[in-house]
Amino acid sequence: FGIQDESVEKIKLEILKLGVGPDARIKVKLSDNRIVKGFVSERNNDDFIVTDEKSKFTTRIKFSDVKKINFSDNKGLKAIAAVGIVLTIVIVNIIATLKEEEQ
């Protein structure tokens, strides 16, 4: 079982981009269909460790055992999206104010 080498490298890269620590939230479906949720607390060449936020239980996962990963629970991405929305609203208001002043 496990995924092909290209997929393993892709997952390694995604985990590298995600980083390590409480903001590096992840949900992993393993090749045996188990689901592991938490944050990436350690990253190595062949595996990474996911720590459950509540229980602090750790699970070492080989990259080759990953069937699917989901980063949607990532608080950092949500924060970036929220900042983007706020900035958009501010810019729209500034443009509207400038247009009113021109008239």
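For the structure itself, consult the block above.
Residues numbered from 1 in each chain as written. Predicted model: local features only at pLDDT ≥ 70, side-chain atom pairs only at ≥ 80, totals over all residues. Heavy atoms only, no water.

## What about the environment of N70?
- One can find N70 in strand β5 (residues 66–70).
- In the structure, N70 is positioned 33 residues away from K37 in sequence and 9.4 Å away in space, judged by C-alpha atoms.
- Not counting chain neighbours up to four residues away, the residues in contact with N70 comprise I26 and K27. (Helix = DSSP H or I, 4+ residues; strand = E, 2+ residues; numbered from the N terminus. Contact = heavy atoms within 4.5 Å.)

## Describing the pairing of strand β1 (residues 25–30)
- Judged from the 5 bridges that link them, β1 and strand β2 (residues 35–43) form a sheet pairing that is antiparallel. Directly across from K27, in β2, lies its bridge partner K37.
- Once β1 ends, the chain turns through 4 residues before running back antiparallel as β2, passing N33 with a positive phi of about 70°.
- Relative to β5, β1 is paired through 4 bridges, and the arrangement is antiparallel. The residue of β5 that forms the bridge with L30 is V66. (Pairing = 2+ DSSP bridges.)

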